[in-house]
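Structure at a glance
Spelled out from the first residue to the last, the chains are:
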Amino acid sequence: MMRTDAGTEAPDGVPAEELRRLFEEARSAADRAYAPYSKFPVGAALLLADGSIICGANVENRSFGLTNCAERSAVFAAVSAGRTAFRALAIAAPKAGYPVGPCGACRQVLTEFAPAEMPVIFGPDYGRALVKTLGELYPFDSLHELAD
């Protein structure tokens, strides 16, 4: 597992300063989460191919099945804006005591739009964040295997 530090560079060559900026955007998005039931805010930030960033936050509902995760909120916002070229993803869960990766549903959605090499940085804060590729988080992407 790659941990963040001053010299960290993501697997596809995203520099450490860009990962830090992306993570801080995710952290800010967590402040906008709607999490009255779990009290567990999460923010996500997608780095697009052109360098712009689209954020999302978790949005809960008292019917938990209708809750939407921060990662999918960011992906859906990007796709709704016609943006599908993703370069990296950051996930901030500031109330967690350890790095919380994306859930299975989010991993499935991410693989619809992002390559296995896309870096994903996740943690409660930048200093304790991990950097993995989407392929490491979701190693058996059956949808792409079926398309071959």
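Residues numbered from 1 in each chain as written. Predicted model: local features only at pLDDT ≥ 70, side-chain atom pairs only at ≥ 80, totals over all residues. Heavy atoms only, no water.

Looking at the pairing of strand E2 (residues 43–48)
Condition: For the exposure calls, accessible area comes from a 1.4 Å probe over protein chains only, and a residue counts as buried if that area is under 20% of its type's maximum, exposed if over 50%, partly exposed in between. Here a helix means four or more residues in a row that DSSP labels H or I, a strand means two or more in a row labelled E, and each is numbered from the N terminus. Between any two strands, pairing holds if DSSP finds at least two bridges.
In terms of burial, E2 is a largely internal element, 6 of the 6 residues being buried. Across the two faces of E2 the burial is the same, with Gly 43, Ala 45 and Leu 47 and Ala 44, Leu 46 and Leu 48 all buried. Where E2 lies against strand E3 (residues 53–57), 5 bridges are found, and the strand directions are antiparallel. Across the sheet, Ala 45 pairs through a bridge with Cys 55, a residue of E3. Between E2 and E3, which pair antiparallel in sequence order, lie 4 residues; one of them, Gly 51, sits at a positive phi of approximately 95°.

Considering unusual backbone geometry
Residues other than glycine seldom take positive phi values, yet Lys 39 does so here, at roughly 60°. Turning to its location among the elements, Lys 39 is positioned in the loop between helix H1 (16–30) and E2.

Side note on the nonpolar core
Considering soluble globular proteins, one finds that nonpolar side chains tend to be buried as a cluster. The line we're drawing: By convention a nonpolar core is built from buried Ala, Val, Leu, Ile, Met, Phe, Trp, Tyr and Cys residues, the set being connected through side-chain atoms within 4.5 Å. Here, two residues are considered to be in contact whenever any of their heavy atoms come within 4.5 Å of each other.
One finds Leu 46, Phe 86, Leu 89, Met 118 and Val 120 to be the most contacted residues of the largest nonpolar core, which totals 23 residues. Of all the elements in the fold, those that place two or more residues in this core are E2, helix H2 (70–80), strand E4 (86–92), helix H3 (104–113), strand E5 (119–123) and helix H4 (134–137). If we skip the residues at most four places from it in the chain, Met 118 touches Phe 86, Arg 87, Ala 88, Leu 89, Leu 110, Lys 132, Thr 133 and Leu 134. Among the nonpolar cores identified, the runner-up in size contains 15 residues, and Val 14, Phe 23, Ala 88 and Ala 129 belong to it.

Concerning the side chain of Arg 72
As a reminder, the rule being used: Charge assignment: positive for Lys and Arg, negative for Asp and Glu; neither His nor the chain ends contribute. The working definition used for a salt bridge is a side-chain nitrogen of Lys or Arg within 4 Å of a carboxyl oxygen of Asp or Glu. Counted as a polar contact is a pair of N or O atoms within 3.5 Å, where, for protein atoms, one must be capable of donating a hydrogen and the other of accepting one, and residues adjacent in sequence contribute only when both atoms are in side chains.
As for its position among the elements, Arg 72 is in helix H2. One buried charge, Arg 72, has no salt-bridge partner; the nearest side chain with opposite charge is Glu 71, at 6.7 Å. In this structure the side chain of Arg 72 is engaged in a polar contact, spanning 3.4 Å, whose partner is the side chain of Asn 68. Beyond its immediate sequence surroundings of up to four residues, Arg 72 is in contact with Thr 67, Cys 103, Ala 105, Cys 106 and Val 109.

Observations concerning the side chain of Asn 68
Tracing the backbone shows Asn 68 in the loop between E3 and H2. On the accessibility criterion, Asn 68 (17% relative accessible area) is buried. Among all residues touching Asn 68, those that are not within four sequence positions of it are Ala 57, Asn 58, Val 59, Ser 73 and Phe 76.

Remarks on the pattern of salt bridges
Enumeration over the complete set of coordinates arrives at 5 salt bridges. A salt bridge links Glu 18 to Arg 21; the nearest nitrogen and oxygen atoms lie 3.9 Å apart. Taken together, the residues Glu 18 and Arg 21, both in helix H1 and 3 residues apart, mark about one turn of the helix. Two residues, Arg 128 and Asp 125, come together in a salt bridge whose shortest N-O distance is 2.7 Å.

What is shown is where atoms sit, not what they do.
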